[in-house]
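This is what each chain is made of:
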Amino acid sequence: MTSPNTPHLSPRRRACCWTLPVLIVLGLLVLAASAWTALHAGRWLVAEDPLEKSSAIVILSGRMPIRAEEAAALYRAGWAPEVWVTHPPGPGAELEAMGISYVGEEFYSARVLMRLGVPADSIHLLEPEAANTVAEMDVISKQLEEHGGSSVILVTTKAHTRRVRTLWRLRANTALRAIVRAAQDDPFDAAHWWRNTGDALDVVREVLGLANARAGLPLRPAK
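Residues numbered from 1 in each chain as written. Predicted model: local features only at pLDDT ≥ 70, side-chain atom pairs only at ≥ 80, totals over all residues. Heavy atoms only, no water.

Participant: Explain the overall build of the protein to me, using residue names and the numbers behind them.
Facilitator: Along the backbone of the protein there are 8 helices and 5 strands. In the protein, the order of α-helices and β-strands from amino to carboxyl end is α-α-β-α-β-α-α-β-α-β-α-β-α. By residue count, 39% of the 223 residues in the protein fall in the buried class. In the structure as shown, the protein presents an accessible area of about 13300 Å², 60% of it carried by carbon and sulfur atoms. (Helix = DSSP H or I, 4+ residues; strand = E, 2+ residues; numbered from the N terminus. Buried < 20%, exposed > 50% of the residue type's maximum accessible area, 1.4 Å probe, protein only. Areas by Shrake-Rupley, 256 points an atom, 1.4 Å probe, with all protein chains shown as cover.)

Participant: Explain helix α5 (residues 105-115) to me, and be specific about the residues and the numbers.
Facilitator: Each α-helix winds once per 3.6 residues, and so residues spaced three or four apart point in a common direction. What α5 keeps buried is the set Glu106, Ser109, Ala110, Val112 and Leu113. The buried side chains of α5 occupy one side of the element, clustering within an arc of 160° when seen end-on. Close packing links the buried residues of α5 with β1 (56-59), α3 (66-76), β2 (83-85) and β3 (123-125). Note on α5: the residue one or two positions beyond its end, Gly117, has a positive phi of about 100°. (Arc of directions from axis to C-beta. Contact = heavy atoms within 4.5 Å.)

Participant: An account of the environment of Ala131 is requested, with residue identities and associated values reported.
Facilitator: Among the structural elements, Ala131 can be located in the loop between β3 and α6 (133-147). For Ala131, a relative accessible area of 59% corresponds to the exposed category. C-alpha of Ala131 to C-alpha of Pro88: the two residues are 43 residues apart in sequence and 5.5 Å apart in space.

These values are about where atoms sit, not about what they do.
As structure tokens, then:
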């Protein structure tokens, strides 16, 4: 029996008494899950494939010279008979108008390869220019089809590997296989990516890039 001094709570007030603690607990769980996800984002982004003999090793643009160094090591180990170098756009036209000569990243990548034991006739510059990873996947897959090959080894840096794999699956013919490999000398600290601005920027860029890829690439690169 209810005591005369016991306050009577309406059903609505009783529901409120239970709802607030439940919402607090749920909020804490969401925060904990978000923190756990953020802390492990660096490791999640690194997604390499086992090496297989392939038609070519491809250096994706950026982070020169460590990608070229890794490609040279893979070539010397006999994983492919050729090294392909993608061709990123540069300020060549603007500098030429000012009377300043310009050689692009692909030139230096080729020089690194030759210095590290890759013969010049085994190095091939891919055309046309590729302004971003999406364009690189298109150029590489077309070249592989024309070459009559079935697989390539794509050399990039650690945080970039998962996005490269995702974009290849979205853009390339399903009969073509890409083995994604990271440069072993890449200093990216997957376990503690928040400790320096370079790694943090890599994680943010790659997570946003993956979200864009999985949404169907609604965001296009600036002209």
